[in-house]
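Residue-level structure breakdown
The chain contents come next:
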Amino acid sequence: MDADPASNPCLRQPRIDDAFGRILARCWDAGAAPWSAVEVIERDDGLITANDASRYFAEPEHWPDLERWGWEQGAGRILDVGCGGGRHAVPWLALGHEVVGLEPSPEAVRVLRERGVEAVIGSVPSLPEGLGEFDTIALFGNNLALLGSPAQAPEVLAALAAVARPGALLIGSGMDPGDGGAAHADYQAWNLRRGRARGQLRIRVRDGATTTPWFEYWLATPDELVAAVAESAWTLEALERDPAGPGYIARLSC
């Protein structure tokens, strides 16, 4: 498991490209119909999962109650970090909020702009210049995992605090990795042997023979999130767990 497939000269590697954006654009062009495009996620131990890309366009009436509760707290000028196809940004716009979407994918940004969202190319922790300040910073779709790792979380939280107005809220969703279960327990044990957090993932998004670069995605337990926030400019106001699963919503103030 410790071998890196990229080190094998006999294996041809996929081409680095905007794989995630291509998937989103294909789904949007198909009217966001279910399974009109498939998001393939590859983990660095070789695990492959496939998801219906239309989830990035799901409307509020189809969201879980906890997600809807968190989204309803968005107010004022909103920065939607990792906003995908605009699942949360477009309904906020419909309510009259000013929304800026932040996405590393150029094709995703194109789709967002077609949907009326002011969107910029970028990601945490290196935010683009000139964003201004925000009343709400959102990290939905399990995007609290964009904290990356216990080591990177302080840098991400500091970058977000730098664009937060006094009294701003950070609202995001995360997922407790639990004990991993049959599909993930070995990977979590491998993480621990490497000195990583149990819920850290190194993943990339695949579209045919193209792929995004590898990136870090941290499924933090609530206790790990509390510890990360305690060392930042943010104060944890609430953490609501999904009674039916491992998900949770955190509400922070600055």
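Under an unreviewed UniProt entry, the chain has the name SAM-dependent methyltransferase and belongs to Nonomuraea angiospora.

Reading across the sheet, the seven strands line up as 6-5-4-7-8-13-12 and stay open at both edges, with mixed pairing between neighbours. Looking at the sheet topology across the chains shown, the edges are occupied by strand 6 (118–121) and strand 12 (235–241). Ignoring strand direction, the axes of neighbouring strands in this sheet form an average angle of 20°. With four bridges connecting them, strand 5 (residues 98–103) and strand 6 associate as parallel partners. Residue pairing across strands places Leu102 opposite Val120, the latter belonging to strand 6. Each of strand 5 and strand 6 touches helix 4 (residues 106–114); the most contacted strand, strand 6, lies at about 170° to it.

Counting residues in each nonpolar core, the largest one holds 41 residues, and the members touching the most others are Leu79, Val81, Leu127, Ile137, Leu160, Leu170 and Trp234. Residue contributions to this core peak at six residues, all from helix 5 (residues 153–161). Among residues more than four places away in sequence, those in contact with Leu160 are Val81, Val124, Leu127, Ile137, Leu139, Leu170 and Trp234. Trp63, Ala89, Val109 and Ile171 belong to the second-largest nonpolar core, a separate cluster that totals 18 residues.

This next bit is on the packing of aromatic side chains. One pass over the full model with this rule turns up seven aromatic pairs. Look at Trp63 and Trp71: their rings are 5.4 Å apart centre to centre, the planes differ by 80°, and that puts the pair in the edge-to-face class. Arranged with centres 6.1 Å apart and planes meeting at 50°, the rings of Trp92 and Phe140 form a pair that is tilted. Highlighted residues: Trp92 in helix 3 (residues 89–94) and Phe140 in the loop between strand 7 (134–139) and helix 5, separated in sequence by 48 residues. Note on accessibility: Trp92 and Phe140 belong to one class, buried.

Calculation rules
Residues numbered from 1 in each chain as written. Predicted model: local features only at pLDDT ≥ 70, side-chain atom pairs only at ≥ 80, totals over all residues. Heavy atoms only, no water. Pairing = 2+ DSSP bridges. Helix = DSSP H or I, 4+ residues; strand = E, 2+ residues; numbered from the N terminus. Axes fitted to C-alpha atoms, helices over the stretch in contact; angles between N-to-C directions. Contact = heavy atoms within 4.5 Å. Core = buried A, V, L, I, M, F, W, Y, C linked by side-chain atoms within 4.5 Å. Buried < 20%, exposed > 50% of the residue type's maximum accessible area, 1.4 Å probe, protein only. Phe/Tyr/Trp six-rings, centres within 6.5 Å; stacked < 30°, edge-to-face > 60°.

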